[in-house]
Amino acid sequence: MSSKVNLLICFFILHLCAAASVRERKIGIYEIKKGDFSVKVTNYGARIISVLLPDKDGKIGDVVLGYDTIKEYENDTSSFGAIVGRVANRIGGAQFTLNGTLYKLIANDGNNTLHGGPKGFSHVVWKVSKYEKDGSHPHITLTYHSADGEQGFPSDLLVSVTYGLKDPYKLSVVMKAKALNKATPVNLAQHTYWNIGGHTSGDILSNDIQIFASHITPVDQHLIPTGEFAPVKNMPYDFLKPRKVGSQINKLQNGYDINYALDISEKMKPVAIVYDKKSGRVMDLQASAPGVQFYTANSLIKKGKGGYVYQPHAALCLETQGFPDAVNHPNFPSTIVTPGKNYVHKMLYTFSITKY
């Protein structure tokens, strides 16, 4: 066979590989559905972009904030609906030391790294590896290969998230990660902005919330944990019994943006319950992570779905997670994953309706 023919064959193979790679990177929107319960996901950032549920009158509504177009998600700075990582939340000074090596990250929150850096997992295209739209177990699995050195983090890392629907009105989220060649910090979080009254229903300050945590991890002026634990008793952070989100929010400078240390150490534990009286919807969250970031969209001003403009406190986030800046606080639960020891983070949302 001539060298010219060989060259043509090689070029053809490379062209096919490139085309396949482009197809894998194609951004799409995928729906999983069970009766009148529907969730839409995009593989750009492995984001939840809508959750449709009935209210107490049977009216279907979308209970998550988002945009109309993929382009808007590409330009998003609020992590709407995304899987954030490799390390969610903040890393102080955009650096950490692991096994004697200092790793310098890319700062994107003042001098700190937030949600994995400027191109964290919320701004990459994930591969759709499994997808079943409906039937007895609707689900979608998205995967991503994070390279050694990406955004400054060590080790190649294989990451996946599976969204699945179960009866009645249950949404499961399972995040997994596997370090291939080095130890690395991993702390994935699901960053959906929830307004269970409906994404156009105004603020969430009248929602009742209960958070099953008696301590928070206090932060400095840059929202970096001090390493201490503080009881919530007699503080605006006390949601051990259900009360309105806005009942003491005026005692805080902007609103809630703090990590709670969950009380129970079991693998799956109660995290929070949210109730919206007007719609009758209830959201009950359980998870396997040790903490949850409670955030009330304090400075949010965004044009969202259908041109509706979201204002501060238009939603709340319950980001179950390892503790922020755990890589720099040895007294916090470790977020280090080593080859041979996989990372698993499970969440279960249960939606219901009540008229009490």
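Residues numbered from 1 in each chain as written. Predicted model: local features only at pLDDT ≥ 70, side-chain atom pairs only at ≥ 80, totals over all residues. Heavy atoms only, no water.

A. Structural context of the overall build of the protein. Per the secondary structure count, the protein includes 2 helices and 28 strands. The globule rule puts the C-alpha radius of gyration for 356 residues at 21 Å, and the 21 Å found for the protein is close to it. Along the first, second and third principal axes, the C-alpha set of the protein runs to 80 × 50 × 35 Å. Taken across its 356 residues, the protein has 53% of its residues classed as buried. (Helix = DSSP H or I, 4+ residues; strand = E, 2+ residues; numbered from the N terminus. Rg over C-alpha atoms; globule rule 2.2 N^0.38 Å. Buried < 20%, exposed > 50% of the residue type's maximum accessible area, 1.4 Å probe, protein only.)

B. Representation of the environment of Asp-55. Considering the arrangement of structural elements, one finds Asp-55 in the loop between strand S3 (47-54) and strand S4 (60-62). What makes Asp-55 buried here is its relative accessible area of 13%. Expressed as a C-alpha distance, the spacing of Asp-55 and Ile-353, which sit 298 residues apart in the sequence, is 6.8 Å. Apart from residues lying up to four places away in sequence, Asp-55 is in contact with Ser-279, Arg-281 and Ile-353. (Contact = heavy atoms within 4.5 Å.)

C. Main features of the sheet that holds strand S1 (residues 29-34). Strands sit in the order S1-S2-S3-S4 across an open sheet of 4 strands; the sheet is antiparallel. With one partner strand each, in any of the chains shown, S1 and S4 form the two edges of the open sheet. The average angle at which neighbouring strand axes cross in this sheet is 15 degrees, direction not considered. As defined by bridge partners, strand S2 (residues 37-42) adjoins S3 across 5 bridges and the pair is classed as antiparallel. Paired with Ser-38 across the two strands is Leu-52, which belongs to S3. (Pairing = 2+ DSSP bridges. Axes fitted to C-alpha atoms, helices over the stretch in contact; angles between N-to-C directions.)

D. Just the pattern of salt bridges, in detail. For the structure shown, the criterion picks out 7 salt bridges. Where Glu-31 meets Lys-133, a salt bridge forms, and the shortest distance between an N and an O atom there is 3.6 Å. Of the two residues, Glu-31 is situated in strand S1 and Lys-133 in the loop between strand S10 (127-132) and strand S11 (139-146); the sequence distance between them amounts to 102 residues. With relative accessibility at 39%, the residue Lys-133 sits in the partly exposed group. Notably, a salt bridge pairs Asp-148 with Lys-182, separated by 3.0 Å at the nearest N-O pair. Taken together, the positions of Asp-148 in the loop between S11 and strand S12 (157-166) and Lys-182 in the loop between strand S13 (170-179) and strand S14 (184-185) put the pair 34 residues apart, joining distant regions of the chain. (Salt bridge = Lys/Arg side-chain N within 4 Å of Asp/Glu carboxyl O.)

E. Structural context of a positive patch on the surface. A cluster of basic residues, Lys-130, Lys-166, Lys-176, Lys-267 and Lys-346, forms a positive patch at the surface. Counting through the fold element by element, Lys-267 comes out in the loop between strand S20 (257-261) and strand S21 (269-275). Accessibility expressed as a relative area gives 73% for Lys-267, which makes it exposed. (Patch = residues over 30% accessible without salt bridge, like charges linked within 9 Å, V, L, I, M, F, W, Y side chains within 5 Å. Areas by Shrake-Rupley, 256 points an atom, 1.4 Å probe, with all protein chains shown as cover. Lys, Arg positive; Asp, Glu negative; His and termini not counted. Charge placed at Lys NZ, Arg CZ, Asp CG, Glu CD.)

F. Spatial organisation of the confidence of the model for the protein. For the protein, the mean per-residue pLDDT works out to 93, and 93% of the residues sit at or above 70. Confidence drops under pLDDT 50 across residues 3-23; counting only partners more than four residues distant or on other chains, this segment forms 2 contacts. (pLDDT = per-residue confidence, 0-100.)

G. Fine view of the sheet that holds strand S26 (residues 317-321). One open sheet accounts for 5 strands, arranged S18-S17-S20-S23-S26; its pairing is antiparallel. This sheet does not close on itself; its edge strands, each paired only once, are strand S18 (230-231) and S26. Where S20 meets strand S23 (residues 291-295), 5 bridges bridge the pair, whose relative direction is antiparallel. Its bridge partner being in S23, Asn-259 is matched across the sheet by Gln-293.

H. Looking closely at the environment of Ser-214. Structurally, Ser-214 can be placed in the loop between strand S16 (208-211) and strand S17 (215-216). Sequence separation between Ser-214 and Val-232 is 18 residues; the distance between their C-alpha atoms is 5.5 Å. Here Ser-214 is in contact with Ala-230, Pro-231, Val-232, Leu-240, Ala-261 and Asp-263, once residues within four sequence places are set aside. Polar contacts involving the side chain of Ser-214 include one to the side chain of Asp-263, which spans 2.8 Å. (Polar contact = N/O pair within 3.5 Å; in protein donor to acceptor, adjacent residues only side chain to side chain.)

I. A look at the side chain of His-123. Within the secondary structure layout, His-123 lies in the loop between strand S9 (113-114) and S10. Accessibility expressed as a relative area gives 18% for His-123, which makes it buried. At 2.8 Å, the side chain of His-123 and the side chain of Tyr-44 are in polar contact. Polar contacts involving the side chain of His-123 include one to the main-chain carbonyl oxygen of Asp-76, which spans 3.1 Å. Setting aside anything within four residues of it in sequence, one finds His-123 in contact with Tyr-44, Arg-47, Tyr-73, Glu-74, Asp-76 and Pro-118.

J. Structural detail: the packing of aromatic side chains. The tally for this structure, following the rule as stated, stands at 24 aromatic pairs. Here the aromatic rings of Phe-37 and Phe-351 are separated by 6.0 Å at their centres, their planes lie at 65 degrees, and the arrangement is edge-to-face. With Phe-37 in strand S2 and Phe-351 in strand S28 (residues 343-353), this residue pair connects regions lying 314 residues apart in the sequence. For Phe-37, a relative accessible area of 1% puts it in the buried group. Accessibility expressed as a relative area gives 4% for Phe-351, which makes it buried. Both rings, one in Trp-194 and one in Tyr-349, keep their centres 5.0 Å apart while their planes meet at 50 degrees; by these two values the pair is tilted. Of the two residues, Trp-194 is situated in the loop between strand S15 (189-191) and S16 and Tyr-349 in strand S28; the sequence distance between them amounts to 155 residues. Pair check on accessibility: Trp-194 and Tyr-349 agree, each one buried. Taken together, the ring pairs connect Tyr-67, Tyr-73, Phe-80, Tyr-193, Tyr-295, Tyr-308 and Tyr-310 into an aromatic cluster. Above the plane of the ring of Phe-239 lies Arg-243, whose end atom (NZ or CZ) is 4.0 Å from the centre. (Phe/Tyr/Trp six-rings, centres within 6.5 Å; stacked < 30°, edge-to-face > 60°. Lys NZ or Arg CZ within 6 Å of the ring centre and 35° of its normal.)

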